[in-house]
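Below, each chain spelled out in residue letters.
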Amino acid sequence: MIHCEGLVKIYKTDDLEVVALQGLNLTVEQGELMAIIGNSGSGKSTLLNTLGGLDRPSAGQVKVGKWDLLKMTDEQLVEYKRDTVGFIWQNNARNLLPYLTALENVEMPMMLSGKLDRAYAKQLLEWVGLGHRMNNKLHQLSGGEQQRVAIAISLSNKPQLLLADEPTGSVDTATSDMIMNIFRKMNKELGVTIVIVTHDMELASQVDRVVAIRDGLTSTEFVKHNPDLAAHRDGFVSFASRDQAAHVAYVVVDRVGRLQVPKEYLKAMNIKDKVLMEFDGEKITITSPQSLAKAEAAEEEQKQEAAVEEVKEAVEAEKH
Ligand SMILES: Nc1ncnc2c1ncn2[C@@H]1O[C@H](COP(=O)(O)OP(=O)(O)OP(=O)(O)O)[C@@H](O)[C@H]1O
């Protein structure tokens, strides 16, 4: 469904250039429900905005379904946004109208694209658990309820891809769980591919695959190990088993063999611009040049000590 290779996004402001994505690779299969995590400023929103057609990529490859986002014309981009993607933001004020009812809010984008389908709008609100509140004005709904209206709106154009930027960022744990359940249901029943950007590790632990972005590059992939077995161990889903349905962390290696070593490892090993790499047939070991220099110095010292010992022994032997 999504294929990014060497994706670059540069923001230019006055005389400043910010490289937000520096050659990122990412593949998301059709029908996947996955999460993207990363520190603030790592490029998560830039990636999501690029995938959603809100930001134009600067270079590289970005394909979503049949669309090539780098080569699309402005007209194609409008068509892509209207028909293929749905978007959910943390701050849902961006796509909600407070003076309209929940139902009218869901119908609005349908009307704008000339495809009003009241029955489907009502069904969407039922799906997100707001069947009984559909005639309430938006300002009469709680933050969590408004967020669920936003989810219904994001699905109103029957998208193949749903992009959610911190969808649970401003709601409580119960609402966050409810939103995750809605995503799972939509993913399973409608087959929508869902990509969630989040800071929330608890939320990330609920999906099968999590991709971490560091400095505008995909650095690590966490894949849930045997998710069904872990979730249903002892015949029920417990929070402990959900947390322990451990994701195995894989470092991402790109097509030309590059990988990112975490900054804290580099610091701890005092590695700057070069390392030594050895392969013993089973493992690849990375050593800092300083460690090697230290090891060589220690070896040299040992040799000198041994030589001194030898001389001492020879002198002792002479004496006798
Ligand atoms: N419109 C813009 N103009 C200039 N620089 C930008 C713009 N949008 C993002 N950036 C810069 O690009 C980099 C990546 O930002 P981005 O918002 O994608 O990060 P993020 O991982 O989503 O962060 P957060 O979790 O804080 O939202 C940052 O250095 C940011 O300052």
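Residues numbered from 1 in each chain as written. Predicted model: local features only at pLDDT ≥ 70, side-chain atom pairs only at ≥ 80, totals over all residues. Heavy atoms only, no water.

Naming follows an unreviewed UniProt entry, where the chain appears as ABC transporter ATP-binding protein of Paenibacillus montaniterrae.

1. Describing the overall build of the chain
The number of helices and strands found in the chain is 11 helices and 13 strands. Against the globule reference of 20 Å for 320 residues, the chain gives a C-alpha radius of gyration of 27 Å, more extended than a compact globule. Taken along its principal axes, the extent of the C-alpha atoms in the chain is 110 × 55 × 35 Å. Evaluated residue by residue, the chain yields a buried proportion of 40% over its 320 residues. Across the chain, the fraction of contacts at a sequence separation of at least 24, relative to all contacts at a separation of at least 6, is 64%. Entry remark: accessible area of the chain is about 18,400 Å², with carbon and sulfur atoms responsible for 53%. Side-chain charges in the chain split into 36 positive and 46 negative, and the spacing between the mean points of these groups amounts to 9 Å. (Helix = DSSP H or I, 4+ residues; strand = E, 2+ residues; numbered from the N terminus. Rg over C-alpha atoms; globule rule 2.2 N^0.38 Å. Buried < 20%, exposed > 50% of the residue type's maximum accessible area, 1.4 Å probe, protein only. Contact = heavy atoms within 4.5 Å. Areas by Shrake-Rupley, 256 points an atom, 1.4 Å probe, with all protein chains shown as cover. Lys, Arg positive; Asp, Glu negative; His and termini not counted. Charge placed at Lys NZ, Arg CZ, Asp CG, Glu CD.)

2. Digging into the packing of helix α3 (residues 102–112) against helix α4 (residues 118–127)
Here α3 crosses α4 at 130°, and the two axes come no closer than 9 Å. In terms of their interaxial angle, α3 and α4 are classed as oblique. The handedness of the crossing between α3 and α4 comes out as right-handed. When α3 is examined against α4, the residues Ala102, Leu103, Val106, Glu107 and Met110 are found in contact with a partner set consisting of Arg118, Tyr120, Ala121, Lys122, Leu124 and Leu125. Per-class residue counts for the contact of α3 with α4 are 8 nonpolar, no polar and 3 charged. (Axes fitted to C-alpha atoms, helices over the stretch in contact; angles between N-to-C directions. Parallel < 35°, antiparallel > 145°, perpendicular 65-115°, else oblique. Left-handed = near helix turned anticlockwise from the far one by under 90°. Nonpolar A, V, L, I, M, F, W, Y, C, P; charged D, E, K, R; others polar.)

3. A closer look at the sheet that holds strand β4 (residues 59–64)
With antiparallel pairing, 4 strands are arranged side by side in an open sheet as β2-β1-β4-β5. Single-partner strands in this sheet number two, and they are β2 (16–28) and β5 (67–68). Where β4 and β5 come together, 2 bridges link them in antiparallel fashion. Paired with Lys63 across the two strands is Asp68, which belongs to β5. Helix-sheet contacts for helix α1 (residues 44–51) involve β1 (2–13), β2 and β4, and the interaxial angle to β1 is about 110°. (Pairing = 2+ DSSP bridges.)

4. A closer look at the nonpolar core
The biggest cluster of nonpolar side chains holds 40 residues, and the ones touching the most others in it are Val106, Leu125, Val149, Ile151, Phe183 and Ile196. Other than its neighbours up to four places away in sequence, Phe183 contacts Leu33, Ile88, Ile151, Leu162, Ala164, Pro167, Ile194 and Ile196. Core analysis: the second largest hydrophobic core is formed by 29 residues, Leu21, Val85, Leu163 and Val195 among them. (Core = buried A, V, L, I, M, F, W, Y, C linked by side-chain atoms within 4.5 Å.)

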